[in-house]
Amino acid sequence: MSGSPSAAADFCRFLRTPELPELGAGPRAGVLPLRELERALAEWMGNHGIEAGAATRLRALALLYHDHHDPAHDIVQDLTDRDSALIHAMLHRREPDYWNAQYWFRRTNEHPVYLRLGDRLKFLPGRPEDAEVARKLTLPGTFDPFAFVDLCEQVARQPANDPAVTWLRRVQQAEFEAVAEHLLSA
């Protein structure tokens, strides 16, 4: 079942929290404590028959989503594939360590998630000015992770309820979902 679209949708529902992940490190209310998350992940992956390689990367993604940065980093830091590099880059962007995030994004080598995310952003609702930001993030047709890092850095000092920050958090949510879909379709 690991390759089915329903597994990806189910994982994204399983992962969700009342609040979207912050652009920075967090923590935020509503995330699962580490042990509880680890237990729930093991059960979810066992019920869905997830292959070991995908399970490792999904685990890192879920830990990052729930603001457990150090355990997520422990998983991806020694993996050399581009899926792990993508999660590693997302993690450093949220720390925030923007330079290091861009280093890891360079190692993703035009990841297929970028095309999926580029298509998705066209339909992500928001304010009229968000459409212009979406255009900048997808100018070549695919998602530009470097432009996204730059935008996150630009709004880093803005309050979480700022409309630009809110929309970028929705972009980040779409990114998490696209990575999960990719990992579960591989």
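Refer to the structure printed above.
No experiment lies behind these values; they were computed from the predicted model shown. (Residues numbered from 1 in each chain as written. Predicted model: local features only at pLDDT ≥ 70, side-chain atom pairs only at ≥ 80, totals over all residues. Heavy atoms only, no water.)

**With respect to the nonpolar core**
Ranked by internal contacts, the top residues of the largest apolar core, which has 57 residues, are Phe11 and Leu137. Per element, the largest residue contribution to this core is 11 residues, and it comes from helix α10 (residues 163-185). Residues in contact with Leu137, not counting those within four places in the same chain, are Leu121, Thr142, Phe143, Asp144, Ala147, Phe148, Leu151, Trp167 and Val171. (Core = buried A, V, L, I, M, F, W, Y, C linked by side-chain atoms within 4.5 Å. Buried < 20%, exposed > 50% of the residue type's maximum accessible area, 1.4 Å probe, protein only. Helix = DSSP H or I, 4+ residues; strand = E, 2+ residues; numbered from the N terminus. Contact = heavy atoms within 4.5 Å.)

**Looking at the pattern of salt bridges**
Any two side chains of opposite charge can pair, given that their charged atoms come close. Inspection of the entire model under this criterion finds 15 salt bridges. Its salt-bridge partner being Glu19, residue Arg169 comes within 3.2 Å of it at the nearest N-O pair. Here Arg169, found in helix α10, pairs with Glu19, found in the loop between α1 (5-15) and α2 (34-48); they are 150 residues apart in sequence, far enough to count as distant. In this structure Arg169 comes out as buried when scored by relative accessible area, which is 8%. The salt bridge involving Asp67 is made with Arg94; its shortest N-O contact spans 2.6 Å. Of the two residues, Asp67 is situated in the loop between α3 (52-65) and α4 (69-76) and Arg94 in helix α5 (residues 82-94); the sequence distance between them amounts to 27 residues. Looking at Asp67, the relative accessible area reads 11%, which means it is buried. (Salt bridge = Lys/Arg side-chain N within 4 Å of Asp/Glu carboxyl O.)

**Considerations on the packing of aromatic side chains**
Applying the stated rule across the entire model yields nine aromatic pairs. For the ring pair Phe11 and Trp44, a centre distance of 5.0 Å and an interplane angle of 65° mean the geometry is edge-to-face. Pair noted here: Phe11 is in helix α1 and Trp44 is in helix α2, with a separation of 33 residues, a long-range link. On the basis of relative accessibility, which here comes to 0%, the residue Phe11 falls in the buried class. Aromatic pair Tyr103 and Trp104: ring centres 5.2 Å apart, planes at 90°, arrangement edge-to-face. Residue Tyr103 is classed as partly exposed on the basis of its relative accessible area of 31%. One aromatic cluster is present, built from ring pairs that chain together Phe11, Phe14 and Trp44. The ring of Tyr65 has Arg28 lying over it, and the distance from NZ or CZ to the ring centre is 5.3 Å. (Phe/Tyr/Trp six-rings, centres within 6.5 Å; stacked < 30°, edge-to-face > 60°. Lys NZ or Arg CZ within 6 Å of the ring centre and 35° of its normal.)

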